[in-house]
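Architecture and fold: a report
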Amino acid sequence: MTLILLAFKNLKRHKVRTILTIIGIAIASATLFSILSFDAGYKKALEEELIGTGIHLFVSTEGCPLEAASLIIRGGEIPRFLQMSALEEAKKIEGVKEAGGFLIFSISSPDGSKVDLFYGITQDVLKLKPNWKMKGSWFKDENSIILGSEIARLEKRDVGDKIYIQSIDKEFVISGILERTYGQDDGFYFLPIETAQKYFKKEGKLTAIGVQLRDLMEMEKIKSRLETLPDVYVVPAEQMTKEILKLVGGTKALMYSILFIVLMVSILGLLNTILMATFERQKEFGYLRCVGAGRGDLIKLILLETATLCLAGGISGFGFGFILSSGMDQWVRQFLPYVPAGSLLRPSPNIVMVSSGIVLILGILTGLYPAWRASKVSPMEAIRNE
Amino acid sequence: MNKTIELNNVVKRYRRGTEEVHAIDGVNLSIEKGEFLSIVGPSGSGKTTLLNLIGCVDKPTSGSIKLEGVEVGNLKDKKLTRIRATDIGFVFQQFFLLPTLTASENIELPSLFVRRTNRNNNAKELLNLVGLANRQNHLPSQLSGGEMQRVAIARALINDPKILLADEPTGNLDSQNAQIIMDIFKKLNQKGLTIIVVTHNIELAQKTTRLILLKDGKVI
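Residues numbered from 1 in each chain as written. Chains lettered and ligands numbered in written order. Predicted model: local features only at pLDDT ≥ 70, side-chain atom pairs only at ≥ 80, totals over all residues. Heavy atoms only, no water.

Before going further, it helps to examine the packing of helix 10 (residues 249–279) of chain A against helix 12 (residues 295–333) of chain A. All names here are of chain A. Between helix 10 and helix 12, whose axes approach to 12 Å, the crossing angle comes to 155°. Regarding the angle of helix 10 to helix 12, the classification is roughly antiparallel. For the element pair helix 10 and helix 12, the recorded crossing hand is right-handed. Along its contact with helix 10, which presents Met255, Leu270, Thr273, Ile274 and Thr278, the element helix 12 presents Ile302, Glu305, Thr306, Leu309, Cys310 and Val332. Residue composition of the contact of helix 10 with helix 12, grouped by class: 7 nonpolar, 3 polar and 1 charged. (Axes fitted to C-alpha atoms, helices over the stretch in contact; angles between N-to-C directions. Helix = DSSP H or I, 4+ residues; strand = E, 2+ residues; numbered from the N terminus. Parallel < 35°, antiparallel > 145°, perpendicular 65-115°, else oblique. Left-handed = near helix turned anticlockwise from the far one by under 90°. Contact = heavy atoms within 4.5 Å. Nonpolar A, V, L, I, M, F, W, Y, C, P; charged D, E, K, R; others polar.)

Here you go:
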């Protein structure tokens, strides 16, 4: 017989109450686990996409970094353009490994219900997006088009099919379809840069340029060189990451607010359960005091009961959170202003440890008051009313 | 003299609303080691209060209570807890068996609070002693009233107490089970255990070796 076994058996007295409390803690633990996994996963996915893909510097027309982020990453349209010659100049700068040009356009349907997003790209872009996996091939001619996976799914098209795009009144042959990136690329029509320039009447123009460096130590030097080009604004990928993280800050704040509420509800549920269990056992505690239980023993007993509930709720919550993480990943994407490719929720042993620590500490703190109440029971309580 | 319990002019007063109640009023009592003593008296005579004072559950308003020569009346809670754990066994009318623990686990319960490795008794032997060897894995809900009280007696013995205090131990039992309980007490007393029983039942009290009558907080 041990105090742990006693605590466990005490919880078995009111099975429904115990199970409901565990479910409450499990929901809070799953929420905590998912949000912490998201917090770590989103930043990592963003860094992988922006830095890991090899673009070290983003070059656009003069403006704020947020506009540049919007331009290159999300496909937002700003009616200011770089000259095509800027791409050639950028390629010539010593220390630049690769440079790819983008021309981004969006056209709304007449009733405004649909927006077609077009991405005119140079072949160098392939080197800047090594995570792209493509069914089919690169553009074969000026009438070729590459579809993002979501577009291909909605249009029910495959490689080799023709596709008529009403917004620009032009029929293309699909040369390739991108595999799902879980990012904005899934929703783009990709055109050869010259075709895009022709149809959007922006011959010789680019929206932005992505630059990959040979040596990151030379970033400042090359950034300064690029800034000597007329009307350009250069944003390092790291700064871009920070700007995008600022963009999702609101969503994260909302998530943490929800987490706070869920944790508070769970804590109150736990407090209610333990406090009820303490109040209804006054006589029993009195008896335990009679047979030699010290105040400390009763404190330990109540804290062990609390910890057992937290442990059971925590373990099932983390398991639940882990199983649901892929579904959560899809769900959370719709609320984000920018979604990088790759998994957004990345559970890790570290997150399990931090979440366990938080659940256990909050649980123990919650159990302190009922434990203190139990320790105040006098042995006389057992004899009273006999 | 081999006195195990000694009360000198013990007074216990407490307030009930505006009224002051003299629950125990100047009791002098000596109990020798190995005595089997019953305390009888009408309701409100102070029987249970006296038992609480002897069992270190309550403190006297004045007077002296010595257990094994040690004055316990003014001891701090921690020391009283230790005495209750190691020197005294309690049996109550209401059994106080924990519903989710088996008979065997209930018996072991008080041993959780005593850091002692050389314990003489174990649950199995004690169940044997009270005639419930075949009930060790039964939950209280699977036991009769008499069996529950026998488990409670076994539990009171787990820490090898010097004194066994029983407050109306047969109060909830029929005469047959009451007899079984008294027989167990007799057997334990014959082995040298000091036993004090509070009871309303004069017939049972007469089976003890010494009877004390209490009235209005005084020994008559």
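Assignment of secondary structure puts A:Tyr164 in strand 7 (residues 162–165). At a separation of 2.5 Å, a polar atom in the side chain of A:Tyr164 contacts the side chain of A:Asp169. (Polar contact = N/O pair within 3.5 Å; in protein donor to acceptor, adjacent residues only side chain to side chain.)

Now for the interface of chain B and chain A. Facing 26 residues of chain B, the contacting portion of chain A comprises 27 residues. Regarding the contact of chain B and chain A, the summed buried area is about 2500 Å², with carbon and sulfur atoms giving 65% of it. On the chain B side of the contact with chain A, B:Phe96, B:Thr100 and B:Phe113 bury the most area, a combined 23% of that side's loss. Along the contact surface separating chain B from chain A lie 3 salt bridges. Close ionic contact of A:Arg295 with B:Asp77 constitutes a salt bridge, the shortest N to O distance being 3.6 Å. Taken together, the links from chain B to chain A amount to 6 residue pairs in polar contact (both at pLDDT 80 or more). Per element, the largest residue contribution to the side of chain B that touches chain A is 4 residues, and it comes from helix 2 (residues 77–86) of chain B. (Buried area = accessible area lost by both parts, 1.4 Å probe. Salt bridge = Lys/Arg side-chain N within 4 Å of Asp/Glu carboxyl O.)

Attention shifts here to the pattern of salt bridges. Scanning all chains against the criterion turns up 20 salt bridges over all chains. A salt bridge links A:Arg289 to B:Asp77; the shortest N-O distance between them is 2.8 Å. With A:Arg289 in helix 11 (residues 282–290) and B:Asp77 in helix 2, this residue pair bridges two chains. Taking relative accessible area as the criterion, A:Arg289 reaches 0% and is therefore assigned buried. Since its relative accessible area comes to 28%, B:Asp77 is described here as partly exposed. Shared partners join several salt bridges into a network, and the residues in it are A:Glu150, A:Arg153, A:Arg180 and A:Asp186. (Buried < 20%, exposed > 50% of the residue type's maximum accessible area, 1.4 Å probe, protein only.)

Grouped together as the largest cluster of nonpolar side chains are 91 residues, with contacts concentrated most on A:Tyr42, A:Leu288, A:Leu344, B:Leu7, B:Leu50, B:Leu67 and B:Ile196. Per-element accounting of this core gives the leading share, 11 residues, to helix 2 (residues 15–52) of chain A. Every residue in contact with B:Ile196, bar those within four places of it in the chain, is listed here: B:Ile5, B:Ile31, B:Leu37, B:Ile39, B:Leu51, B:Ile54, B:Ile163, B:Leu164, B:Leu165 and B:Ala166. Formed by 39 residues, the second largest nonpolar core is a distinct cluster that contains A:Ala86, A:Val96, A:Ala99 and A:Phe118. (Core = buried A, V, L, I, M, F, W, Y, C linked by side-chain atoms within 4.5 Å.)

Another point: empty space enclosed by the protein. All names here are of chain A. Throughout the structure, instances matching the rule amount to 6 cavities of 30 Å³ or more. Along the walls of the second largest cavity sit Ile25, Ala28, Ser29, Leu263, Ser266, Ile267, Leu270, Cys310, Val359, Leu362 and Gly363, which together make up its complete lining. Contributing elements (two or more residues each) for the lining of the second largest cavity: helix 2, helix 10 and helix 13 (349–375). Counting residues per element, the lining of the second largest cavity draws most heavily on helix 10, which supplies 4 residues. (1 Å grid on protein atoms, 1.4 Å probe; cavity = no way out; pocket = protein on both sides within 12 Å on 5 of 7 lines; lining within 4 Å. Points joined across faces, edges and corners; volume = space filled by probe spheres on them.)

The subject of this paragraph is a nonpolar patch on the surface. Residue and element names in this part refer to chain A. Taken together, the side chains of Val16, Ile19, Leu20, Ile23 and Ile27 define a hydrophobic patch exposed on the protein surface, amounting to about 480 Å² of accessible area. Mapped onto the fold, Val16 is located in helix 2. You can call Val16 exposed: its relative accessible area is 60%. (Patch = residues over 30% accessible without salt bridge, like charges linked within 9 Å, V, L, I, M, F, W, Y side chains within 5 Å. Areas by Shrake-Rupley, 256 points an atom, 1.4 Å probe, with all protein chains shown as cover.)

Here we take up the packing of aromatic side chains. Per the stated rule, a full pass over the model turns up 19 aromatic pairs over all chains. With a centroid separation of 5.7 Å and an interplanar angle of 0°, the aromatic rings of B:Phe90 and B:Phe92 are classed as stacked. For the residue pair B:Phe90 and B:Phe92, the accessibility class agrees, reading buried in each case. Connected via pairs of aromatic rings, a cluster forms that spans A:Phe81, A:Phe105, A:Phe118, A:Tyr189 and A:Phe200. In this structure, A:Lys170 is placed above the aromatic ring of A:Phe172, and the distance from its NZ or CZ to the ring centre is 5.4 Å. (Phe/Tyr/Trp six-rings, centres within 6.5 Å; stacked < 30°, edge-to-face > 60°. Lys NZ or Arg CZ within 6 Å of the ring centre and 35° of its normal.)

Here the focus is helix 8 (residues 219–227) of chain A. All names here are of chain A. Listing the buried residues of helix 8 in full gives Met219, Ile222, Lys223 and Leu226. Angular distribution of buried residues about the axis of helix 8 spans 105°; they occupy a single face of the element. In this structure, helix 8 carries Glu220 and Lys221 as exposed residues pointing more than 90 degrees from its buried face. (Arc of directions from axis to C-beta.)

Our next topic: the environment of B:Ile24. Residues and elements named next belong to chain B. Among the structural elements, Ile24 can be located in strand 2 (residues 19–32). Note on Ile24: relative accessible area 0%, which makes it buried. Placed 192 residues apart in sequence, Ile24 and Asp216 show a C-alpha to C-alpha distance of 7.4 Å. With residues up to four places along the chain from it excluded, the contact list for Ile24 reads Val10, Val11, Lys12, Gly46, Thr49, Leu50, Leu53, Leu214 and Gly217.

All names here are of chain A. Take Ser37: it is sitting in helix 2. There is a polar contact of 2.7 Å between the side chain of Ser37 and the backbone oxygen of Phe33. In this structure, Ser37 is in contact with Leu344, Leu345, Arg346, Pro347 and Ile351, ignoring residues within four places of it in sequence.

This paragraph deals with the confidence of the model for chain A. Across chain A, the average pLDDT comes to 85, with 90% of residues at 70 or higher. Across chain A, the secondary-structure element scoring lowest on mean pLDDT is helix 3 (residues 65–74) of chain A, at 53, and the one scoring highest is strand 6 (residues 144–147) of chain A, at 94. (pLDDT = per-residue confidence, 0-100.)

What follows deals with the pairing of strand 2 of chain B. Working note: regular strand, side chains alternate between the two faces of the sheet. All names here are of chain B. In the sheet, strand 1 (residues 3–16) pairs with strand 2 via 11 bridges, with the strands oriented antiparallel. Within strand 2, the residue paired with Arg13 across the bridge is His22. In textbook terms, the turn of a hairpin is the stretch between consecutive antiparallel strands, and for strand 1 and strand 2 this stretch comprises 2 residues, one of which, Gly17, has a positive phi near 65°. (Pairing = 2+ DSSP bridges.)

Attention now goes to the sheet that holds strand 1 of chain B. Pairing within the open sheet is antiparallel, and its 4 strands lie in the order 2-1-4-5 (chain B). Two strands lie at the open edges of the sheet, namely strand 2 and strand 5 (70–71) of chain B, each paired on one side alone.

This paragraph deals with the environment of A:Val354. Residue and element names in this part refer to chain A. For Val354, the position within the fold is in helix 13. According to the relative accessible area criterion, Val354 is partly exposed, its value standing at 42%. Once the C-alpha coordinates of Val354 and Glu89 are considered, the two residues, 265 residues apart in sequence, prove to be 49 Å apart.

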